[in-house]
Structure formats: C-alpha cells, structure tokens
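One-letter residues, chain by chain:
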Amino acid sequence: LVSLFALVAMLPGALVYAVSVQFLTRSIDTWFDIRVETALEGGLSLGRRTLEVMQRELRDKAETMALSLSDQPLARQRTSIHSLREQAAVHEAAVFDLNGNVRVFSAASKTSLAPRIPTGEMLQGLRRQQAYARVVAEPSGSLVARVLVPLNTASNEVQVAVNVPTPPAASGSASALVSARTV
C-alpha cells in the first residue's frame, strides 16, 4: 500500500519535471538562437552601409560646393552658398577658416542661428587636405551626417562643412538594433 501511494505521488511529479525541463531547454535555445544573432548582425551591417553611402554622397555634394565656391570672393560666397545648399539638398552649409571661425553660413531651418563649430580633430585633418565624414549623435538622440572638406583657394585656409540629419525612423531603428544586440 505504501509503495502504491509513493508511485501515485511520484508519477505526476515526474511528468511535470519532464515537461518543465523540455520547456526550459527550448526557451533557452530560442534566446540564444544563431538566426537571431545573424539577423541582428545583418541589420547592423545594413545600417552601417546605408550611413556610409549617405556620407559618401554628402562628401560628393560638399566637394561640389567647395569647387563652386573656391574661385569666388567672400562677398560672392555669401550670396551663392544659399543656392548651393538648396541645390545639394543639405540642412546646413558653412565655410570656416582653419581656426574654426565662421565665414559664411546657410541653413534650411530658421531656428539654426549658427553652424556647429568643427573640433580640433576635424581641423587637423583638413590642414592635411583630408576630408572629414562622420555620423554623430545629437543630444536629442537623432543622428546627423556631417562632412567637412577643404576649400582650395589661393590662401588655402578655408573649408566647407555640410550637415544632413538622418531620417528619424533610421535613427530609431539604429538605436533599437544596437540596444537589442548589446542585451
């Protein structure tokens, strides 16, 4: 009688144990599934390539603007930078000297009163005739593509900077991918 009661008590426990182990094994396997990791890596790679293409296009636009502005005096640059910015479809365009002082500025938004001043790292590269192209995070959380290219003039002491914000959906998707991958 005791053996029969022990068997009746152990049978449901063994069944629950077997089902629980099977459930946990399958759940943990899906958490660390290779396909999920591959999909996240693919998403990050796609995002990087998209931003690289955006930077390359923006660099080409900045170089075209620099070429147009290179033979113009400062007074003419002030009038032509607005039309060049609109033709290139960029958010901001500015001409700086190599000390980072603004010479000419144009922005699509009326709220942009001044351009983003280049950092020392950016200026050093431009002194060596190297373009600067990066996607930077703004304090608001959005991403902005920023390009600076040398403007070859007689004094060779100026540069063109252009900025384009990335689409908000792309910024949100990129941050979601990064956070999902680091978890």
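## Focus: the overall build of the protein chain
Logical step 1: Per the secondary structure count, the protein chain includes five helices and five strands.
Logical step 2: Starting at the N terminus, the α and β elements of the protein chain follow one another as α-α-α-β-β-α-β-β-β-α.
Logical step 3: Within the protein chain, the fraction of its 183 residues that count as buried is 32%.
Logical step 4: Excluding contacts between residues fewer than 6 apart, the proportion of contacts in the protein chain whose partners are at least 24 apart in sequence is 50%.
Logical step 5: In the structure as shown, the protein chain presents an accessible area of about 11800 Å², 62% of it carried by carbon and sulfur atoms.

## A closer look at the nonpolar core
Logical step 1: In terms of nonpolar packing, the biggest core is built from 21 residues, with L58, M65, V90, V95, V147, V160 and V162 touching the most fellow members.
Logical step 2: Elements supplying a minimum of two residues to this core: α2 (34-70), α3 (74-88), β1 (92-97), β4 (143-151) and β5 (158-165).
Logical step 3: Of all hydrophobic cores here, the second largest spans 10 residues; its members include A94, L98, L148 and A161.

## Here's the deal with helix α4 (residues 120-127)
Logical step 1: For α4, the set of buried residues is M122, L123, G125 and L126. For α4, the arc enclosing every buried residue in end-on projection is 160°, short of the 170-degree limit, so these residues lie on one face.
Logical step 2: Q129 sits one or two positions beyond α4 and adopts a positive phi of about 65°.

## Section: a nonpolar patch on the surface
Logical step 1: On the surface, a nonpolar cluster with roughly 590 Å² of combined accessible area is contributed by L1, L4, F5, L7 and V8.
Logical step 2: With respect to the helices, strands and loops of the structure, L7 is situated in helix α1 (residues 2-31).

## Thoughts on the pattern of salt bridges
Logical step 1: Taken as a whole and assessed by the stated rule, the structure comprises one salt bridge.
Logical step 2: The shortest N-O distance in the salt bridge between R85 and E86 comes to 3.8 Å.
Logical step 3: Relative accessible area serves as the criterion here: at 7%, R85 is assigned to the buried category.
Logical step 4: Taking the relative accessible area as the measure of exposure, E86 reaches 57% and is therefore exposed.

## Let's talk about the pairing of strand β3 (residues 132-137)
Logical step 1: Looking at chain direction, β3 and β4 are connected through six bridges and run antiparallel. The residue bridging Y132 from the neighbouring strand is L148, located in β4.
Logical step 2: Counted between consecutive antiparallel strands, the loop separating β3 from β4 contains five residues, among which G141 sits at a positive phi close to 100°.

## As for the environment of S142
Logical step 1: With respect to the helices, strands and loops of the structure, S142 is situated in the loop between β3 and β4.
Logical step 2: Remark: the alpha-carbon pair of S142 and P165, spanning 23 residues in sequence, is separated by 7.5 Å.

## Considerations on the side chain of S106
Logical step 1: Tracing the sequence through the fold places S106 in strand β2 (residues 102-107).
Logical step 2: Engagement of the side chain of S106 in a polar contact is seen with the side chain of H82, the distance being 2.8 Å.
Logical step 3: The contact partners of S106, leaving out residues within four places of it in the chain, are I81, H82, R85, H91, E92 and A93.

## What to know about α3
For an α-helix, the turn length of 3.6 residues means that residues three or four places apart are oriented alike.
Logical step 1: Between its first and last C-alpha atoms α3 spans 20 Å; for 15 residues at 1.5 Å apiece the expected length is 21 Å, and the two agree.
Logical step 2: Taking the largest bend as the criterion, α3 deviates by roughly 40°, centred on S80.
Logical step 3: Positive backbone phi, at 60°, marks A89, one or two positions downstream of α3.

## A look at the side chain of R85
Logical step 1: By the secondary structure assignment, R85 is in helix α3.
Logical step 2: A polar contact of 2.7 Å, which involves the side chain of R85, links it to the side chain of S106.
Logical step 3: Excluding residues that lie within four positions of it along the chain, R85 makes contacts with M65, V90, H91, E92, A93, S106, A107 and A108.

Definitions and limits used
Residues numbered from 1 in each chain as written. Predicted model: local features only at pLDDT ≥ 70, side-chain atom pairs only at ≥ 80, totals over all residues. Heavy atoms only, no water. Helix = DSSP H or I, 4+ residues; strand = E, 2+ residues; numbered from the N terminus. Buried < 20%, exposed > 50% of the residue type's maximum accessible area, 1.4 Å probe, protein only. Contact = heavy atoms within 4.5 Å. Areas by Shrake-Rupley, 256 points an atom, 1.4 Å probe, with all protein chains shown as cover. Core = buried A, V, L, I, M, F, W, Y, C linked by side-chain atoms within 4.5 Å. Arc of directions from axis to C-beta. Patch = residues over 30% accessible without salt bridge, like charges linked within 9 Å, V, L, I, M, F, W, Y side chains within 5 Å. Salt bridge = Lys/Arg side-chain N within 4 Å of Asp/Glu carboxyl O. Pairing = 2+ DSSP bridges. Polar contact = N/O pair within 3.5 Å; in protein donor to acceptor, adjacent residues only side chain to side chain. Expected span 1.5 Å × (residues − 1). Bend = angle between axes of the 7 residues up to and from the residue.

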